[in-house]
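# Summary of structural features
Below, each chain spelled out in residue letters.
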Amino acid sequence: APTGLVVGNPGLRPERTHDIEAAIAFLPGRLLAVRAVAFAGLIDDAIAYTNRNAYQIAPDNTGTAGRLGIDTFVSVEPARWFALAATLGLLSSRVDATGAPLPLAPPWSSRVAVRAGYASAFTVEGVLRARGPVSSNICGTLVAPAISLVDVVARAPLAPGLWLSGAVHNALDAHRASRNA
């Protein structure tokens, strides 16, 4: 990501979006829940931060951009002390001026969580989050690779409405970027 002083842009126009979505859900009870949401959108005067020079970044309008995708969710709770939940999102996006994907919009992202313990008592949850590679600029020339993150979260009730929790986050996170040639 660019570093430096973020400066204003007095000529910035408001970003406008036109979206449509459709959803379906199957929620027969505690054991199973399934949802899917499909969406499409058009962004007029999309806003992205661009480098002005080696030391400054500023918001700029990029023109028209579009996006199309689906978000899915499934959870299974076979026992009150055990649950599994998974999400998957797929996204196709494009900035018309450059043909590149929208900055910081991965083509896919996912989350899988496994909970052991009663939801109202002590619980331990393992969470795997992952996403595909993302463009870091409006031209698509700087790409951050796909990442996977692992979190472990434990929580216990102290009193009604008061919880104590602790977590280890991003155990497998790798920070790096690559240039497309």
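So, here's what we can say about the structure. These numbers come from a predicted model, not from an experiment.

## Concerning the side chain of aspartate 151
Relative to the helices and strands, aspartate 151 is located in strand S12 (residues 147-159). Separated by 2.9 Å, the side chains of aspartate 151 and arginine 129 make a polar contact. When near neighbours in sequence (up to four residues on either side) are disregarded, aspartate 151 contacts Glu125, Gly126, Val127, Arg129, Val168, His169 and Asn170.

## Quick look at the pattern of salt bridges
Applying the stated criterion across every chain, the model contains seven salt bridges. Measuring nitrogen to oxygen at the nearest pair gives 3.0 Å for the salt bridge that ties arginine 67 to aspartate 19. Of the two residues, arginine 67 sits in strand S6 (residues 65-79) while aspartate 19 sits in strand S2 (residues 16-26), which places them 48 residues apart along the sequence. On the basis of relative accessible area, arginine 67 is assigned to the partly exposed category, the value being 24%. When the shortest N-O distance is used, the salt bridge between arginine 115 and glutamate 77 registers 3.3 Å. Of this pair, arginine 115 sits in strand S8 (residues 108-116) while glutamate 77 sits in strand S6; the two residues are 38 residues apart in sequence, bridging distant segments of the chain.

## Things to note about unusual backbone geometry
Leaving glycine out, the prevailing phi sign among residues is negative, and the prevailing peptide bond configuration is trans. At aspartate 45, a position not held by glycine, the phi torsion is positive, near 55°. Here aspartate 45 lies in the loop between strand S3 (32-44) and strand S4 (47-51). With a relative accessible area of 15%, aspartate 45 lands in the buried category. A positive phi angle is found at leucine 104, which is not glycine, with a value near 60°. Looking at the element boundaries, leucine 104 is found in the loop between strand S7 (82-95) and S8. Classification of leucine 104 by relative accessible area gives exposed; the value is 64%.

The rules behind each value
- For every chain, the first residue of the written sequence is number 1, and numbering continues from 1 along that sequence.
- pLDDT decides what is reported in this predicted model: residues at 70 or higher carry local features, side-chain atom pairs at 80 or more are listed and counted, and totals for whole chains, interfaces and linings draw on all residues regardless.
- Hydrogens and water molecules were not included; the side-chain quantities draw on all heavy atoms of the structure.
- Secondary structure elements follow DSSP: runs of H or I no shorter than four residues count as helices, runs of E no shorter than two count as strands, and numbering proceeds from the N terminus.
- By the criterion applied in these results, polar contacts are pairs of N or O atoms within 3.5 Å in which, for protein atoms, one can donate a hydrogen and the other can accept it, and in which residues neighboring in sequence qualify only through two side-chain atoms.
- For this analysis, residues touch if any pair of their heavy atoms sits within 4.5 Å.
- The term salt bridge refers to a pairing of a side-chain nitrogen on Lys or Arg with a carboxyl oxygen on Asp or Glu at a separation within 4 Å.
- We call a residue buried when its accessible area falls under 20% of the maximum for its residue type, exposed when it is over 50%, and partly exposed in between, using a 1.4 Å probe and counting protein chains only.

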